[in-house]
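Each chain is listed here by its residues.
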Protein chains: 2
Amino acid sequence: MIDALIKGIQQKSNPTVVGLDPRLSFIPTFIKEEAFGKFGKTPKGAAEAFYQFNKGIIDAVHDLVPAVKPQVAMYEQYGAVGIGAYINTIEYAKEKGLVIIGDIKRGDIATTAEAYSDGHLGEVDIEDEKYMVYDEDSITINPYLGYDSVEPYISNCKKFNRGLFILVKTSNPNSGEIQDLEVEGEKLYKRVGRLVNKWGSELIGESGYSQIGAVVGATHSAQAEELREIMPNNYFLVPGYGAQGAKAKDLKVCFNKDGLGAIVNSSRGIIAAYKNSNYTERQYAEAAREAVIEMQRDLKSVL
Amino acid sequence: MIDALIKGIQQKSNPTVVGLDPRLSFIPTFIKEEAFGKFGKTPKGAAEAFYQFNKGIIDAVHDLVPAVKPQVAMYEQYGAVGIGAYINTIEYAKEKGLVIIGDIKRGDIATTAEAYSDGHLGEVDIEDEKYMVYDEDSITINPYLGYDSVEPYISNCKKFNRGLFILVKTSNPNSGEIQDLEVEGEKLYKRVGRLVNKWGSELIGESGYSQIGAVVGATHSAQAEELREIMPNNYFLVPGYGAQGAKAKDLKVCFNKDGLGAIVNSSRGIIAAYKNSNYTERQYAEAAREAVIEMQRDLKSVL
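*Asks:* Help me understand the nonpolar core in this model?
*Replies:* What tends to happen in soluble globular proteins is that the nonpolar side chains get buried as a cluster. Val238(A), Ala288(A), Val238(B) and Ala288(B) are the most contacted members of the largest nonpolar core, which has 211 residues in total. With near-sequence residues (within four places) excluded, Val238(B) lies in contact with Val216(B), Ala218(B), Leu251(B), Cys254(B), Ala262(B), Ile263(B), Val264(B) and Asn265(B).

This is the structure we're talking about:
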């Protein structure tokens, strides 16, 4: 995963991942009318609208960015049909050559973690018939339960060439409430960063980076700098750019001297870009494309 | 939620929740044959087998226990059809008067947390049409991201009379790796316990207990005792009994002097009880019923 991601970043000269976090308020009227016309104002209608919307975005940006990050919560809220739209979105994005980061933030133990891992990263075994159900290239997970909650994912990362981004320091205002607590002489997020570095040490790709990366919020730039030092060979998935307030200059510290080491997410700022522009609703995909180009330029100006 | 749960515990004289964590290896052949006969050895076949299996368990135990706890990972691994079986299981269990604890362990921020919360505890709004999609009475969540990741659930707990069980000290062997770190003079899990107690203080039910409870593993009985003191009015959801090694005597410390304060989960030990008994596969539900009665007796012996 990590080598393919880095290759994409280098070929497209763009360390940007587009967050596919649709909300109904982002979806242009013509897409909603068609979906609700077919399926009513139902979860199925909403899921169909999300999928059609995503296809337009993916078509418009797939040659410019290496990866997309669908946020499963947005789909999961609509039940089975929502999960269907999530899986269809992944399949469509993969056909277009994009690396998938499934933003699922799961965290559980033993056979439960195995079930998540087999479904999302590996394959499920139904009386010897094997199925790759979600087929993400990588997912985000939560470290609070400790190594035995992480190991089932690592094992599928090895077997299926997949990756992880483990929550270390998140971008939200209250992230410090637990993550910034002082533990034995340093902040908890640093301790978690050291653990992630250790867990990832046996999965280093040809690029020199590990399949096991970290989620490090761009809104906390001093902390990101410390983590960059502790975790030199773990890729950072960086949320917080744009709508959440982080600027390109805050992001510089997330990168290594080789210009690699981080991929920056923007969701709303790209997929709903038409709302703050001269584009019409029907041009939402063109607006997204322009927003990606602008973000690329912005990131390049500091790297 | 919490008052209904306590009423159920008192009426049935049983602080047991049955974990509905099916695995194909637990499902009797006659159920699998019927499901795979209809849908093939596919995710749809597996999901159908889970649902039929669960119905048998629910029929056999619903008059003995107050609640069931479906573990979403087991269903989610099969994609959309799995989530369908999860939702159908919840619906069936509610028809039988059971309180639902959705074991989903979600944790995310801002609009993402809202999407999880609306889907699972509240209602989703599709152009003014409202749907309760999962309709769990309560769910488990992860605290690592801090209060703003919890608040969207608390808001729906108030609005829809729902509950939460927040991970504080989990039952797995490596749970101490992060949860037992020393933070500012005490272990992290104690700090998280204090936070949960604070977060829950504005949602106290008529019973005197809060809608906001905690997951506290029975495998760490000394820690459970400390947490019981810190969180007198937060209900404990206690995993680890039976298959994970905790005994009834280890559980006593999870309860308050009023005999309330904890609900103990058993999954495998109940739903796959027929495997370690004189029952046949076709009698899996009777075996589950007997296992519940035995567990009830075991818990009563120490309370």
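*Asks:* It is not clear to me how the packing of helix α9 (residues 188–199) of chain A against helix α10 (residues 221–230) of chain A should be interpreted in this structure. Could you clarify?
*Replies:* When two helices pack together, their arrangement is given by the angle between the helix axes and the distance between those axes. Residue and element names in this part refer to chain A. Where α9 meets α10, the axes come as close as 9 Å, and the angle between the chain directions of the two elements is 30 degrees. The angle between the axes of α9 and α10 places the two elements in the roughly parallel class. Crossing geometry of α9 relative to α10 is assigned as right-handed. Only Gln223, Glu226, Leu227 and Ile230 of α10 make contact with α9, whose side of the interface consists of Tyr189, Lys190, Gly193, Arg194 and Asn197. A breakdown of the residues in the contact of α9 with α10 according to their chemical character gives 3 nonpolar, 3 polar and 3 charged.

*Asks:* Even after reading the chapter, I still don't get the interface of chain B and chain A, so can you show me in this structure?
*Replies:* How big an interface is tends to be reported as the loss of accessible area on association of its parts. Taken together, the contact between chain B and chain A spans 61 residues of the former and 61 residues of the latter. Sort the elements by how many residues they give to the side of chain B that touches chain A and helix α6 (residues 110–120) of chain B lands first, with 7 residues.

*Asks:* What should I look at first to understand the relation of the copies chain B and chain A in this one?
*Replies:* Superposition of the two copies of the chain requires a rotation about an axis together with a shift along that axis. Once chain B is rotated about the relating axis by 180 degrees and shifted along it by 0.0 Å, it coincides with chain A to within an RMSD of 0.0 Å. Taken together, the rotation and translation describe the operation of a two-fold axis.

*Asks:* I keep staring at the sheet that holds strand β6 (residues 138–141) of chain A and nothing clicks. Help me out?
*Replies:* Sheet strands associate in pairs through backbone hydrogen bonding, adopting either a parallel or an antiparallel arrangement. Residue and element names in this part refer to chain A. With parallel pairing, 8 strands are arranged side by side around a closed barrel as β1-β2-β3-β6-β7-β10-β11-β12. Geometrically, the sheet is characterised by an average inter-axis angle of 30 degrees between neighbouring strands, direction not taken into account. Pairing analysis gives 3 bridges linking strand β1 (residues 16–20) to strand β12 (residues 262–266), with the strands arranged parallel. By the bridge assignment for β12, Val17 is matched with Asn265.

*Asks:* So what exactly am I meant to see when it comes to the confidence of the model for chain A here?
*Replies:* The predicted coordinates should not be examined in detail at positions where pLDDT is low. Averaged over all residues, the pLDDT of chain A is 96; the fraction at 70 or higher stands at 100%. Scoring the predicted complex yields pTM 0.98 and, for the interface, ipTM 0.97.

*Asks:* Got a minute to help me understand the packing of helix α6 (residues 110–120) of chain A against helix α7 (residues 151–160) of chain A in this structure?
*Replies:* All names here are of chain A. Interaxial distance between α6 and α7 falls to 8 Å at its minimum, and their mutual angle equals 30 degrees. Taken together, the axes of α6 and α7 lie roughly parallel to each other. Read as a crossing pair, α6 and α7 show a hand that is right-handed. Contacts between α6 and α7 involve Ala113, Glu114, Ser117 and Asp118 from the former and Pro152, Tyr153 and Asn156 from the latter.

*Asks:* What's the story with the environment of Arg289(A) in this structure? I'm lost.
*Replies:* Residue and element names in this part refer to chain A. In this fold, Arg289 is placed in helix α13 (residues 284–300). Classification of Arg289 by C-beta neighbours within 10 Å gives partly exposed; the count is 19. Between the alpha carbons of Arg289 and Glu76 there is a distance of 27 Å; along the sequence they are 213 residues apart. Excluding anything up to four places from it in sequence, Arg289 contacts Ala60, Val61 and Leu64.

The rules behind the values
Residues numbered from 1 in each chain as written. Chains lettered and ligands numbered in written order. Predicted model: local features only at pLDDT ≥ 70, side-chain atom pairs only at ≥ 80, totals over all residues. Core = buried A, V, L, I, M, F, W, Y, C linked by C-beta atoms within 7 Å. Buried ≥ 20, exposed ≤ 12 C-beta atoms within 10 Å, placed from the backbone. Contact = placed C-beta atoms within 7 Å. Axes fitted to C-alpha atoms, helices over the stretch in contact; angles between N-to-C directions. Helix = DSSP H or I, 4+ residues; strand = E, 2+ residues; numbered from the N terminus. Parallel < 35°, antiparallel > 145°, perpendicular 65-115°, else oblique. Left-handed = near helix turned anticlockwise from the far one by under 90°. Nonpolar A, V, L, I, M, F, W, Y, C, P; charged D, E, K, R; others polar. Least-squares fit on C-alpha atoms with pLDDT ≥ 70 in both. Pairing = 2+ DSSP bridges. pLDDT = per-residue confidence, 0-100.

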